[in-house]
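# Summary of the model geometry
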Amino acid sequence: MSFRRRWRKSVNAVMLSVTGISALVAVSVLFFILGYLVWHGARALNWDFFTKLPKPVGETGGGMANAIVGSAKLLLLASLVGVPVGLLGGVYLAEFGGRTVSFAVRYATDLLNGVPSIVIGIFAYTMIVLRTRHFSTIAGGLALGVMMIPIAVRSTEEFLRGVPHELREGAMALGASKWKTIATVVAPAAYRGILTAVLLALARVAGETAPLLFTAFSNRFWSPGWNQPTASLPVMIFTYAIAPYEDWHQQAWAAGLVLLGLVLATNLIARAVLSRGVSMQRS
Amino acid sequence: MAMERAGSGRGPRSRSLVRRLRSGDEIAHLVTFLFAGSILLIVGLLLNELWVNSALARHKFGWSFFFTRVWDPVFEQFGALPFIFGTLVTSALALLIAIPVGLGAAIFLAELAPPRISDALAFLLDLLAAVPSVIYGLIGIFTVVPLLREYVEPFLKATLGFLPLFQGPVYGVGFLAAGVVLAVMIVPFIISVSREVLLAVPREQREAALALGATRWEATWKAVVPFARAGIFGSIFLALARALGETMAVTMVIGNAPQIAASLFAPGYSIAAVIANEFTEATGDLYLHALIELGLVLFLLTFVLNGLARLLILLTARRGGAHA
Amino acid sequence: MRKFLSVLLAGVLLFPLCVAGADTLLVNGAGATFPYPIYSKWFDEYHKKFPNIEINYQSIGSGGGIRQLLAGTVDFGATDAPMTDEQLGQAKTKILHFPTVLGADVPTYNIPGVAGELNFTPEALAGIFLGKITKWNDPAITGANRGVNLPAADIVVIHRSEGSGTTYIWTDYLSKVSEEWKTRVGKGASPNWPVGLGGKGNEGVSGLVKQTPNSIGYVELIYAVQNNLSYGRVRNSSGTFVKADLASVTAAAAGAANSMPDDFRVSITDPPGKSAYPIASFTWLLIPSDIPDAKKREVLVGFLRWMLTEGQKHAAPLAYAPLAKEVVEKEMKALAQIR
């Protein structure tokens with residue numbers, strides 16, 4: 001009996017520490033990635049990286065100014081697609097939707113959320129690139145925009161539902177119509193949550209590479225307007241990382257550091273926005 | 001009720017449409033409905049594009065597309081088997097590594113760690129989940145692959161070399177590399193969903209077990225985990241769906257060779273990776289359609305897995321709710 | 001607030017238009033990675049000469065260049081595998097081949113402890129890439145390399161993962177020297193490889209060779225030179241082991257220079273000649289004969305003219321062989337076909 005007890009106790013101790021170690025290992029990966037990128041990337045980060053165009057193959061120096069601007073343009077376009085559809089679609093689900101339509105929309109959203117990014121790339125290629133006969137910022141931006149939609153829809157719905165009923169009822173009792181109530185009372189109450197959702201969605205698509213490979217393509221120069229191929233940070237990291245040139249590797253690390261920095265910073269900001277908001281019960 | 005109103009723009013009542021719209025509510029309803037409907041439209045278009053643009057390959061190869069192991073653009077013979085194999089093997093390998101670690105960490109966070117530490121760690125894991133896949137690929141190429149080639153694979157070969165799994169030349173890139181990188185990528189997903197599911201298990205479950213004299217571990221493993229089983233499976237399916245569709249990181253470390261090999265050291269290819277590499281240069285239409293059919297396969301696979309995952313998570317949530 | 005936001009949005013949307021300037025002309029091309037170093041040099045120099053002209057060239061592989069040109073998504077393509085008649089037939093307008101420079105595929109390897117140049121017989125190369133020769137100390141390799149201490153290590157074969165003209169040249173050569181290769185694998189931009197792992201582009205293959213001990217791959221000469229990779233001599237049809245360089249590549253093209261067909265599609269692998277390097281090739285720009293946009297047409301014709309004259313002097317420093325005088329003259333005449 002006492003042996004069995006001791007055995008059980010030691011199993012307990014061992015397994016509990018194993019779970020602790022698992023958690024530690026999982027979390028330490030983040031610090032490893034961060035540290036590694038800083039270690040390699042910081043050396044290659046300089047002013048040129050942010051202000052110069054890439055050099056011809058095999059020559060050292062140059063930067064990724066066009067890719068940084070390209071990524072910004074792509075994200076802007078993505079938000080123009082993803083945010084309105086996401087927000088208004090979310091409002092529909094939370095406030096107006098009937099059972100059947102809502103079910104279909106929710107289902108489609110989940111489906112879209114699960115679609116691998118490379119498949120979204122195919123979609124944008126056959127829909128836009130083949131029809132306009134142009135690799136373009138627009139095609140890449142739309143592909144990223146489509147990827148933003150599901151995150152934005154579901155979080156908007158969730159946060160709108162989280163707004164206490166008393167608020168709505170109060171406004172309605174004062175004679176406000178439903179949409180006025182939503183616009184002036186419900187939406188502002190959920191505003192921080194929704195902003196968080198948009199930021200998280202942006203952070204997610206900012207690092208997407210696969211949908212850009214054959215939509216935004218790439219460009220060694222500045223991309224004028226919206227209807228021309230454009231460089232972007234993730235695609236540059238990919239091309240530079242698989243190439244043999246030492247200098248390109250350095251720049252890939254630097255670009256990785258910048259990209260990861262932006263993504264993590266956006267995540268942190270998003271959470272800061274949320275936590276400073278009114279205390280809200282999440283559904 | 002609401003359904004009827006959604007359709008109010010049409011039918012016999014349309015005469016009063018303008019007046020009804022003025023009320024504002026109807027406009028808001030209509031506008032939001034249109035935007036929500038556009039999501040349906042996008043998904044419909046997506047499926048349609050994949051279906052129409054894979055017609056040539058579907059007609060030419062039929063079901064044999066999935067069982068043929070030749071991928072030969074020169075003679076226009078396309079079989080998806082090596083890619084399906086590569087996708088499944090790397091994903092399975094990733095799960096094999098990620099499930100124990102993920103589940104262990106989730107148990108620690110949900111059951112053992114003080115709430116503040118648990119929240120802090122969960123937050124860090126959410127950040128980890130946000131790391132773009134191309135960065136995993138970058139680290140995969142320059143860190144994981146050399147490590148595997150120099151130390152891990154020779155070691156496995158020396159100790160477990162009698163198994164066909166660990167034989168043959170050591171490349172560094174290959175199934176094992178892709179599996180390891182994928183594992184790291186999906187662990188945060190398993191942890192964060194499993195943790196939520198475990199936290200949703202009613203307190204009485206573990207208290208009852210503890211009261212009966214179970215150790216902490218026994219209470220967790222025999223009372224709490226079984227209760228949350230469906231949800232944990234759900235988290236695993238979600239992670240699997242993500243692993244199957246993962247493109248960049250896999251492309252960078254899998255070795256890009258369309259072959260079926262018993263050895264984990266061998267280079268392989270995955271569905272997503274072959275699309276990423278060959279899509280822009282598929283010279284013939286049949287070639288392009290074969291690649292798009294691969295995209296369709298990927299879409300359907302992840303679709304089924306996501307559906308299963310959500311169902312399971314929902315089931316656990318219901319169960320927890322019923323007891324609470 | 002709302003007004004401010006919309007002004008800001010409009011400003012951001014229009015901003016790129018202003019920066020680019022009204023008269024900047026961007027021409028997009030894509031294709032072969034084989035000549036990418038010289039092309040990016042050329043387009044860079046040309047941009048310096050005419051700052052308002054930007055020629056964006058993406059090295060996605062020859063197959064990609066042909067595909068995207070046929071799909072009409074780029075203004076011009078580039079390839080080192082001449083287009084087949086079938087592919088030319090798919091094009092909506094006639095597509096012209098313009099040879100730009102000559103380059104060579106070299107067998108490049110990374111064997112720890114072996115620093116010198118190895119000699120490769122055609123049989124050894126075919127055997128390695130067929131997967132029949134699997135160890136570095138195989139007699140087929142050591143036989144041609146007396147005195148070199150080759151390890152008993154597994155050979156890691158590295159090839160291209162996408163449709164590639166470099167691959168086309170390589171397999172074109174192997175098909176000429178190995179009957180088994182010809183029947184089992186054949187020549188093509190993306191054959192069904194019997195063995196090995198794939199890298200994306202000449203860049204990717206060089207990267208993998210550099211990273212992987214005991215590996216062998218094939219890349220355009222400049223990639224081996226720029227990255228300090230070892231590359232071997234190959235035995236030519238006269239039985240001499242020749243190293244790829246300006247002289248041996250030029251020698252390989254000597255025959256073709258005089259008998260160049262009118263459409264410039266010609267293979268110069270395994271040529272006669274004692275000093276000729278056997279795995280060399282022209283590389284081509286693919287230009288549609290009918291370019292409706294007058295400005296783009298002007299840019300492309302202007303660039304081609306510059307490339308054929310002044311541009312050729314950039315070739316040698318990047319280890320490409322410049323074109324022979326006869327070929328340049330013939331191309332100059334062909335320029336008139338672009339309308």
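Whatever comes next refers back to the structure up there.
Keep in mind it's a predicted model, so treat the numbers as computed, not measured.

This part covers the overall build of chain A. Scanning chain A from terminus to terminus reveals 11 helices and 0 strands. In chain A, the order of α-helices and β-strands from amino to carboxyl end is α-α-α-α-α-α-α-α-α-α-α. If you line up chain A on its principal axes, its C-alpha atoms span 70 × 70 × 35 Å. Looking at chain A as a whole, 58% of its 283 residues qualify as buried. Long-range pairs, those at least 24 residues apart, make up 74% of the contacts in chain A with a sequence separation of at least 6.

Here we take up the overall build of chain B. Broken down by element type, chain B carries 14 helices and 2 strands. Scored against the burial criterion, the 324 residues of chain B give a buried share of 56%. In chain B, of all internal contacts separated by at least 6 residues, the share reaching a separation of at least 24 is 76%.

Right, let's get into the interface of chain C and chain A. Across the boundary between the two partners, chain C contributes 28 residues, which contact 23 residues of chain A. Of all elements in the fold, only α1 (2-20), β1 (25-31), α2 (36-49), β2 (53-59), α9 (201-211) and α10 (221-226) of chain C reach the threshold of two or more residues within the side of chain C that touches chain A. Split by residue class, the side of chain C that touches chain A holds 10 nonpolar, 12 polar and 6 charged.

This paragraph deals with unusual backbone geometry. Across the chain, the bulk of peptide bonds are trans and the bulk of non-glycine residues have phi less than zero. All names here are of chain C. Phi is positive for Asn214, which is not a glycine, with a value near 65°. Topologically, Asn214 is positioned in the loop between α9 and β8 (215-220). Within the chain, Phe264 stands out as a residue other than glycine whose phi angle is a positive 65°. Residue Phe264 is classed as partly exposed on the basis of its 18 C-beta neighbours within 10 Å.

Looking now at the interface of chain A and chain B. Put simply, an interface is often sized by how much accessible area is lost when its parts join up. Counting residues at the interface gives 73 residues for chain A, matched by 73 residues for chain B. Residue contributions to the side of chain A that touches chain B peak at 18 residues, all from helix α1 (residues 2-44) of chain A. Across the side of chain A that touches chain B, the residue classes tally to 50 nonpolar, 17 polar and 6 charged.

Two residues of an α-helix separated by three or four positions point the same way, owing to the 3.6 residues in each turn. Given a rise of 1.5 Å per residue, 28 residues ought to cover 40 Å, yet the end C-alpha atoms of helix α7 (residues 133-160) of chain B are separated by just 31 Å, more than 12% below that figure. Approximately 50° is the largest bend angle found in α7(B), and it occurs at Leu148(B).

What follows concerns the nonpolar core. Judged by nonpolar contacts, the single largest core of 324 residues is most densely connected at Ile237(A), Ala177(B), Val181(B), Ile186(B), Ile190(B) and Val253(B). Tallying contributions element by element places helix α8 (residues 175-199) of chain B first for this core, with 18 residues. In contact with Ile186(B), not counting residues within four places along its chain, are Ala94(B), Ala98(B), Ala239(B), Arg242(B) and Ala243(B).

Rules used in this analysis
- Residues numbered from 1 in each chain as written.
- Chains lettered and ligands numbered in written order.
- Predicted model: local features only at pLDDT ≥ 70, side-chain atom pairs only at ≥ 80, totals over all residues.
- Helix = DSSP H or I, 4+ residues; strand = E, 2+ residues; numbered from the N terminus.
- Buried ≥ 20, exposed ≤ 12 C-beta atoms within 10 Å, placed from the backbone.
- Contact = placed C-beta atoms within 7 Å.
- Nonpolar A, V, L, I, M, F, W, Y, C, P; charged D, E, K, R; others polar.
- Expected span 1.5 Å × (residues − 1).
- Bend = angle between axes of the 7 residues up to and from the residue.
- Core = buried A, V, L, I, M, F, W, Y, C linked by C-beta atoms within 7 Å.

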